[in-house]
Amino acid sequence: MIKTLLRERLRRSGIPAAHEEQVTAELAGHLEDLCEQFVAQGLSQAEAVQLCLKEVDDWSEFARNIQRAQRGEALMNTRIKNLWLPGCVTLATATGFLALLQHIGWQPSTVSIGGVALRLYWPWLLALPLFGAAGAYLSCLADGSRSVRMVAGLFPAAAILLLMVIVLTSSLLVEPDVYFLHHPDFLALGLFSWLFLPALALLVGTLPFLRPANPRET
Amino acid sequence: MTKERIRPKIARGSAELAILTLLDEQPLYGFEIARQIEDKSGGALHFTLASLYPMLYELEKRGWVKGHWEANQAGRDRRYYCLTPTGKKELTPLRREWRSFFQALDSLAGVGRV
């Protein structure tokens, strides 16, 4: 009985037929032994079977983990695949496109908002959702969790933030009386046009890939 | 005394060592591996079906353990795992790493003196 229940659950969870028989036989053997142990402890057969099936909380995830292990995917660091590679793709495409615009001599447009002038590369900002989407999609393909997909999509913004922190901190260390301390509006403008707006554009592209891949994922 | 479960991440990290150490003594099948680990760790380490088999298949894919079908004492076919020469080679540095890790924790937090 336990073997039938197990086979049914594994089949629904998508274990390939090629592996199914051997895996089912092995796991059924385990559950049979466990079931016998529970019965020996005084449980009824039905209670023991129910308790055995609780060995796995999420059968879909279990099936995926088995497949990954059998394919040897864990040998490649999961983080590299679902975070760093997609993140680097987002970063490379975003910086590459900006460099291309500057190389062809594209001039940033000056936009005045409430008397404050912002210099923006519109084509770059408009393309960022695509780059963010690419990073989040690649992370999604590599089974990245929602938070990892988001970081992969927003990777260039994180890189800009890190760069700004490094530059500002080192400026303060070298010259405590730096320009931006006296002109916080200048700093705010920089943060808005080079951090907030790009992050927002990247987020627009990333959002569609933040839906749970697995209906049980919360 | 309240029996405390070791936090899942540490348990997962030490799981490889636990499995390889057991298999270094004798070939065992999955249920026996889980049972012996739980018994020998005083219940602190607990393997479920979901946590044990992906790890066994991963170790097999790495070539550290090898599975084969064989009848157990009750005459039922079970998949026994044994340590390969590669697995034996990997076990020594793994043991050393964990020993250093616990020694470091001990000197840092006095874990062993509590």
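Structure first, text after, so check above.
Residues numbered from 1 in each chain as written. Chains lettered and ligands numbered in written order. Predicted model: local features only at pLDDT ≥ 70, side-chain atom pairs only at ≥ 80, totals over all residues. Heavy atoms only, no water.

Counting its regular elements, chain B contains four helices and three strands. Across the 114 residues of chain B, 41% fall into the buried class. Considering only residue pairs separated by 6 or more positions, chain B has 48% of its internal contacts joining residues 24 or more positions apart. Roughly 6900 Å² of accessible area belongs to chain B as shown, and the carbon and sulfur atoms make up 54% of that amount. (Helix = DSSP H or I, 4+ residues; strand = E, 2+ residues; numbered from the N terminus. Buried < 20%, exposed > 50% of the residue type's maximum accessible area, 1.4 Å probe, protein only. Contact = heavy atoms within 4.5 Å. Areas by Shrake-Rupley, 256 points an atom, 1.4 Å probe, with all protein chains shown as cover.)

A few words on the interface of chain A and chain B. Of the residues lining the interface, 25 residues belong to chain A; the matching set on chain B comes to 22 residues. Taking both partners together, chain A and chain B bury about 2000 Å²; carbon and sulfur atoms supply 61% of that area. Our count for the chain A to chain B interface comes out at five salt bridges. A salt bridge links Asp33 of chain A to Arg76 of chain B, with the nearest nitrogen and oxygen atoms 3.7 Å apart. Taken together, the links from chain A to chain B amount to nine residue pairs in polar contact (both at pLDDT 80 or more). Put simply, the parts of the chain that give the side of chain A that touches chain B at least two residues each are helix H2 (17-40) and helix H4 (59-71) of chain A. The leading source of residues in the side of chain A that touches chain B is H2 of chain A, at 13 residues. Partitioned by chemical class, the residues of the side of chain A that touches chain B number twelve nonpolar, seven polar and six charged. (Buried area = accessible area lost by both parts, 1.4 Å probe. Salt bridge = Lys/Arg side-chain N within 4 Å of Asp/Glu carboxyl O. Polar contact = N/O pair within 3.5 Å; in protein donor to acceptor, adjacent residues only side chain to side chain. Nonpolar A, V, L, I, M, F, W, Y, C, P; charged D, E, K, R; others polar.)

Now for the packing of aromatic side chains. As enumerated under the stated definition, the model contains twelve aromatic pairs over all chains in all. With centroids separated by 5.8 Å and ring planes inclined at 75°, the aromatic side chains of Trp59 of chain A and Phe62 of chain A adopt a geometry described as edge-to-face. A residue pair is termed a helical-turn pair when its members lie 3 or 4 positions apart in one helix, as Trp59 of chain A and Phe62 of chain A do in helix H4 at three residues. Like Trp59 of chain A, the residue Phe62 of chain A is buried in the burial classification. Judged by centre distance (5.1 Å) and plane angle (70°), the ring pair of Tyr29 of chain B and Tyr80 of chain B falls under edge-to-face. Taken together, the positions of Tyr29 of chain B in strand E1 (residues 28-29) and Tyr80 of chain B in strand E3 (residues 77-83) put the pair 51 residues apart, joining distant regions of the chain. Accessibility assignment for this pair places Tyr29 of chain B and Tyr80 of chain B in one class, buried. Of the aromatic side chains, those joined through ring pairs into one cluster are Tyr121, Trp124 and Trp194 of chain A. (Phe/Tyr/Trp six-rings, centres within 6.5 Å; stacked < 30°, edge-to-face > 60°.)

So, about helix H2 (residues 30-40) of chain B. Residues of H2 of chain B that are buried include every one of Gly30, Phe31, Glu32, Ile33, Ala34, Gln36 and Ile37 of chain B, and no others. Looking one or two residues past H2 of chain B, Gly42 of chain B carries a phi angle of roughly 65°, positive in sign.

So, on to the side chain of Ser139 of chain A. Residue and element names in this part refer to chain A. Relative to the helices and strands, Ser139 is located in helix H6 (residues 122-141). Classification of Ser139 by relative accessible area gives buried; the value is 0%. Not counting chain neighbours up to four residues away, the residues in contact with Ser139 comprise Asn82, Pro86, Gly144, Val148, Arg149 and Ala152.

Distances and angles like these do not, on their own, reveal function.
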